[in-house]
Amino acid sequence: MAENMRFFLTSIPLFVLSIVLLPAHSHAYGSGGHPGYSIQPGQANDRQETTLIDIRKMSRLQDIIKTLTTRQAIYIGESHQQYSHHIAQLDIIKALHKQHPDIAIGMEMFQQPFQQHLDAFIQGKITAREMLRRTEYFSRWGYDYRLYQPILEFARANKIPVIALNIEKEISTMVSKLGIDGLDKATRTKIPLEIDMSNQDYRQRLQQVYNQHPTRENDDFERFLQVQILWDESMASRVSAYLQQHPESKMVILAGTGHVAFGHGIPDRVSRRTAIDSAIIIPGDGEQVEPGIGDYIIYPRSASLPKRALMGILMGEDSQSGIAVKGLSDDSAAARAGIKKDDRILRINTAKITSRADVRLALLEMKPGDEITVLVNRSRLLLDDEKFELKLVLGP
């Protein structure tokens, strides 16, 4: 673990943005925008003292890269939809790669059974579009690909291995419904042998997150906890295995802040498997920061994605007979083009549409204002279905 002094960084320019007074009663949890945990008003945590960050100790990225290159695992947290976090991650990856080219990038965003397709993408054998299709990115992760595109393009350009860390969605869904004990023997062979649920601080943090989301199909905290820890253990197992197989390499692990903060999610579980030095980097914007949350706090520069090109439709379930239009936004591009509720979209330009992911892939490189051709199937009472093409100018 990195030295006790906590540094504050920005990505470019790489200077501290503000001094932070750390109240002794705050905790943090931040995977993809989950609310933070904090002691309720009127309470105080008498186990800790109020802590102050000395702004005179601030550092720039280049000042700590030498230290980071002595660590075999570098965990960088994120809020998934914050583009600025991903730009900061890329800045760190570039700086590390310049000093130590033998690095890998571990990503929570991809699931383990699809590793071969990430490999093919990094080797230049398939396009980004094909990689997204084969990894089922949009149905398994779903966030705007452009958030991660600069990182993946840099990895491809420099032949940096990208490692799929996450367990397959089907298993976590089964655990959510049945619990780990409800898995059949064949499925249990696909999960880590050791699932450590003993960390009470982590349990408390996850309980607070669970309590803030009261409406669930499967209302059981123990199963919720098992899913979270199964993710952590599976990702940790993957990190550990790679570093054991590549002892001269380093890995930058990109995951939601909740999976790395305080070391409770992935880092401690990697350390349990493999004796390595590591560092935890946490984005400070939007986080409740307290001692122990990580080794470095970064304040990324402002960055935002351009608006996506949208049709403005609510899509139905995947179907070989096309995607049903379940609804349309007011004054949407689709409505202006003449698409109606219950129409089915069969093709966008030359791309056949049988899934919601197909729609997102068809619009992947489009911008607001671009024109597309949509093949539509419309049912008619007492008449055969009507198929026709429409020109549609995409909106923001």
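Residues numbered from 1 in each chain as written. Predicted model: local features only at pLDDT ≥ 70, side-chain atom pairs only at ≥ 80, totals over all residues. Heavy atoms only, no water.

## So, helix α6 (residues 149-157)
In an α-helix, one turn spans 3.6 residues, which is why side chains three or four residues apart end up on the same side.
Argument step 1. Looking at α6, one finds that the buried residues are I151, L152, F154 and A155. For α6, the angular spread of buried residues about the axis comes to 160°, placing them on one side.
Argument step 2. Immediately beyond the C-terminal end of α6, within one or two residues, lies K159, with a positive phi of roughly 55°. (Buried < 20%, exposed > 50% of the residue type's maximum accessible area, 1.4 Å probe, protein only. Helix = DSSP H or I, 4+ residues; strand = E, 2+ residues; numbered from the N terminus. Arc of directions from axis to C-beta.)

## Some points on the packing of aromatic side chains
Argument step 1. Taken as a whole and assessed by the stated rule, the structure comprises 7 aromatic pairs.
Argument step 2. A centroid spacing of 5.7 Å and a plane angle of 45° characterise the contact between F110 and Y137, whose relative ring orientation is tilted. Within this pair, whereas F110 is found in strand β5 (residues 103-111), its partner Y137 is found in helix α5 (residues 137-140), the two being separated by 27 residues in sequence. Assigned by exposure class, F110 and Y137 land together as buried.
Argument step 3. Seen in terms of ring centroids, Y210 and F221 are 5.3 Å apart; in terms of plane orientation they differ by 70°. Their pairing is edge-to-face. Here Y210 is found in helix α9 (residues 200-211), whereas its partner F221 is found in helix α10 (residues 221-245), with 11 residues between them in sequence. In this structure, Y210 and F221 share a single accessibility class: buried. (Phe/Tyr/Trp six-rings, centres within 6.5 Å; stacked < 30°, edge-to-face > 60°.)

## Re the side chain of S172
Argument step 1. Within the secondary structure, S172 is located in helix α7 (residues 169-178).
Argument step 2. A relative accessible area of 7% places S172 in the buried class.
Argument step 3. With sequence-adjacent residues up to four places away left out, S172 is seen in contact with I167, V227 and W231. (Contact = heavy atoms within 4.5 Å.)

## Notes on the pattern of salt bridges
Argument step 1. Following the criterion strictly, the structure yields 21 salt bridges and no others.
Argument step 2. One network of salt bridges, in which partners are shared, links E194, D196, E233, R269, R272 and R273. (Salt bridge = Lys/Arg side-chain N within 4 Å of Asp/Glu carboxyl O.)

## Here's the deal with the side chain of H80
Argument step 1. Within the secondary structure, H80 sits in the loop between β4 (73-78) and α2 (83-99).
Argument step 2. Residue classification places H80 among the buried residues on the basis of a relative accessible area of 3%.
Argument step 3. Polar side-chain contacts of H80 include one of 2.6 Å to the side chain of E78. (Polar contact = N/O pair within 3.5 Å; in protein donor to acceptor, adjacent residues only side chain to side chain.)

## A short note on the packing of α7 against α10
Argument step 1. Taken N-terminus to C-terminus, the directions of α7 and α10 make an angle of 155°; their axes are 8 Å apart at the nearest point. Here α7 lies roughly antiparallel to α10, going by the angle between them. As α7 runs across α10, the sense of the crossing is right-handed. Between α7, through I171, S172, V175, S176, K177 and L178, and α10, the contact on the second element is made entirely by R223, Q226, V227, L230 and W231.
Argument step 2. Residue composition of the contact of α7 with α10, grouped by class: 6 nonpolar, 3 polar and 2 charged. (Axes fitted to C-alpha atoms, helices over the stretch in contact; angles between N-to-C directions. Parallel < 35°, antiparallel > 145°, perpendicular 65-115°, else oblique. Left-handed = near helix turned anticlockwise from the far one by under 90°. Nonpolar A, V, L, I, M, F, W, Y, C, P; charged D, E, K, R; others polar.)

## Side note on a nonpolar patch on the surface
Argument step 1. The grouping of L381, L382 and L383 at the surface amounts to a nonpolar patch, some 430 Å² of accessible area in total.
Argument step 2. With respect to the helices and strands, L382 occurs in the loop between β14 (371-380) and β15 (383-393).
Argument step 3. Given the relative accessible area of 83%, L382 is considered exposed. (Patch = residues over 30% accessible without salt bridge, like charges linked within 9 Å, V, L, I, M, F, W, Y side chains within 5 Å. Areas by Shrake-Rupley, 256 points an atom, 1.4 Å probe, with all protein chains shown as cover.)

## Topic: the packing of α2 against α6
Argument step 1. Packing of α2 against α6 leaves a shortest axis separation of 9 Å and a crossing angle of 20°. Accordingly, the angle class assigned to the pair α2 and α6 is roughly parallel. The handedness of the crossing between α2 and α6 comes out as left-handed. Along its contact with α2, which presents Y83, H86, Q89, L90, I93, K94 and H97, the element α6 presents P150, I151 and F154.
Argument step 2. Of the residues that constitute the contact of α2 with α6, the class distribution is 6 nonpolar, 3 polar and 1 charged.

## Observations concerning the pairing of strand β11 (residues 323-328)
Argument step 1. Sheet analysis places strand β10 (residues 313-315) next to β11, joined by 3 bridges and oriented antiparallel. By the bridge assignment for β11, I313 is matched with L328.
Argument step 2. By the bridge criterion, 2 bridges tie β11 to strand β12 (residues 344-348) in an arrangement that is antiparallel. Pairing of I323 across the sheet is with I345, part of β12. (Pairing = 2+ DSSP bridges.)

## Things to note about the confidence of the model for the protein
Argument step 1. Of the residues in the protein, 86% have a pLDDT of 70 or more, and the chain-wide mean is 87.
Argument step 2. Counting contacts from residues 1-40, a segment whose pLDDT is below 50, to residues more than four positions away or on other chains yields 129 contacts. (pLDDT = per-residue confidence, 0-100.)

## What to know about unusual backbone geometry
Argument step 1. Its identity is not glycine, yet K159 carries a phi of approximately 55°, on the positive side.
Argument step 2. Relative to the helices and strands, K159 is located in the loop between α6 and β6 (162-166).
Argument step 3. Positive phi outside glycine occurs at F262, with the angle close to 65°.
Argument step 4. Structurally, F262 is set in the loop between β7 (250-256) and α11 (267-273).

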